[in-house]
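# Examination of the molecular architecture
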Amino acid sequence: MRLRFIHILSLSFCTLIFSSAVSQNLVHNGGFEDFIECPIKMSNLNKDAEYWSAPTLGTTDYFNECSKTKLGIPLNFKGNQEAFEGNGYAGLYLFAPKDYREYIQVKLSETLKKGHRYRLSLSLSLSEKSDGAVMDIGAVFSEKPLSIHTKRQLSNATLASEITKTTHAKQFSSNGFYNDKKNWMQVELDIVAKGFESTLILGNFKSNGGTNYLDFGKNTVNDEGYSYYYLDDIMLVYLGPDYKPNQSYVLNHVNFDFDRFELEPKAKQSLKDVYEYLKKNPSLKVSISGHTDDLGSEEYNEILSNERANTVARHLMQLGLEKTRITHAGYGNKIPLDSTLTDKARRKNRRVEFVMTEFVDE
């Protein structure tokens, strides 16, 4: 297994390695190792690479060591480049005359969770035969795979006109042009999910006029050059919920059984997310409130709701959160989420909420 030298473009690269090591990659075949057919034809990624496809008429390429044609690794029709890791990678135009674009898409292993944070990363290398370099590569997430009849850029306006729900294009952070033809460059971006994202699309979503382009001087003044990039090691990992200060949240899966205050296994995972967030944000403290349904006396429900809040507080302390950063209280059935007298409403009301606020160390 080979691992090329990485040109680091992000100061948080070490954090990325740690997160990636302990988190599951939600991108199928992110290293392009799995293939249906060993590539022998250019522009054939749709039929060659497992899970991957092109969302437009742009003809993205698939390269693999197994190929004896111009789609091999390291030598191929665009230059000479070893894989970042393993035996395969994809290739596409991020800049070309008349706004020609190529894209690549993959269905994720699970739909992203609304309000939760994710980190997307990839490695890219400029092909040796490129006329210039860009600093614009972005990502779009959609409800399902796209199939758009165009060879031009997928602008936000074009995406908005589609029936399939999509996000706006978000750019990877860049400290300069992606102009390294020898080494792999690492880029990343963080997103907060809207809750419908099940497909990832990568490419340059800007027109030539809107793209930051560095011409290497190979062409005449009136000629538009092209930038062709190899992509490898594409990863999307889960970072956890995105909690905002001074906003109330209902703890997921912390809906207690009737007259009970024990935590269920899924509730413990939700509390682990809260703990991890507080651990990363030491300036915050958390206030926990317990609630019951309308059954039982007011006095009893106050006791029960306090037990529920106390159970959550104790569990956070067992995970390692300091006692000085936690307060808790019970409110009985005084603040119902659903006032209808049904079993479903009552289960919803048997809950624990929390609010994070700025922590002042006295």
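Above this text is the structure in question.
Computed from a predicted structure; not experimentally measured.

Rules behind the numbers
Residues numbered from 1 in each chain as written. Predicted model: local features only at pLDDT ≥ 70, side-chain atom pairs only at ≥ 80, totals over all residues. Heavy atoms only, no water. Helix = DSSP H or I, 4+ residues; strand = E, 2+ residues; numbered from the N terminus. Buried < 20%, exposed > 50% of the residue type's maximum accessible area, 1.4 Å probe, protein only. Contact = heavy atoms within 4.5 Å. Areas by Shrake-Rupley, 256 points an atom, 1.4 Å probe, with all protein chains shown as cover. Polar contact = N/O pair within 3.5 Å; in protein donor to acceptor, adjacent residues only side chain to side chain. Pairing = 2+ DSSP bridges. Phe/Tyr/Trp six-rings, centres within 6.5 Å; stacked < 30°, edge-to-face > 60°. Patch = residues over 30% accessible without salt bridge, like charges linked within 9 Å, V, L, I, M, F, W, Y side chains within 5 Å. Salt bridge = Lys/Arg side-chain N within 4 Å of Asp/Glu carboxyl O. Lys, Arg positive; Asp, Glu negative; His and termini not counted. Charge placed at Lys NZ, Arg CZ, Asp CG, Glu CD.

### Some thoughts on the overall build of the chain
Looking only at helices and strands, the chain features six helices and 19 strands. Out of the 362 residues belonging to the chain, those deemed buried represent 48%. Partitioning the intrachain contacts of the chain with sequence separation of at least 6 by distance along the chain shows that 80% fall at a separation of at least 24. Total accessible area on the chain is roughly 17,700 Å²; 51% of this is exposed by carbon and sulfur atoms.

### Points about the environment of Thr 56
Looking at the secondary structure, you find Thr 56 in the loop between β2 (52-53) and β3 (61-64). With 95 residues separating them in the primary sequence, Thr 56 and Lys 151 have C-alpha atoms 6.4 Å apart. Apart from the residues lying within four places of it in its own chain, the contact partners of Thr 56 are Arg 101, Tyr 103, Ile 148, Thr 150 and Leu 154. A polar atom in the side chain of Thr 56 sits 3.1 Å from the backbone nitrogen of Gly 58.

### A word on the sheet that holds strand β10 (residues 138-142)
Ordered by their spatial adjacency, five strands build an open sheet running β2-β7-β13-β10-β11, and the pairing between neighbours is antiparallel. Each having just a single partner strand, β2 and β11 (170-171) make up the two edges of the open sheet. Relative to strand β13 (residues 199-203), β10 runs antiparallel, the two being bridged by five bridges. Across the sheet, residue Val 140 finds its bridge partner in β13, namely Ile 201.

### A short note on the packing of aromatic side chains
What describes a pair of aromatic rings is the distance from one ring centre to the other and the angle between the planes of the rings. Counting across every chain of the model gives 19 aromatic pairs. Judged by centre distance (5.4 Å) and plane angle (45 degrees), the rings of Phe 63 and Tyr 89 are tilted. One end of the pair, Phe 63, is in strand β3; the other, Tyr 89, is in strand β6 (residues 88-95), with 26 residues separating them in the sequence. With a centroid separation of 4.9 Å and 80 degrees between ring planes, the pair formed by Tyr 93 and Tyr 228 is classed as edge-to-face. Here the residue Tyr 93 occupies a position in strand β6, and Tyr 228 occupies one in strand β15 (residues 227-241), the gap between them amounting to 135 residues.

### Things to note about a negative patch on the surface
A grouping of Glu 33, Asp 34, Glu 50 and Glu 85 is seen on the molecular surface, where their side chains present a negatively charged patch. Relative to the helices and strands, Glu 50 resides in the loop between α2 (45-48) and β2. Of the residues examined, Glu 50 reaches a relative accessible area of 30% and is grouped as partly exposed.

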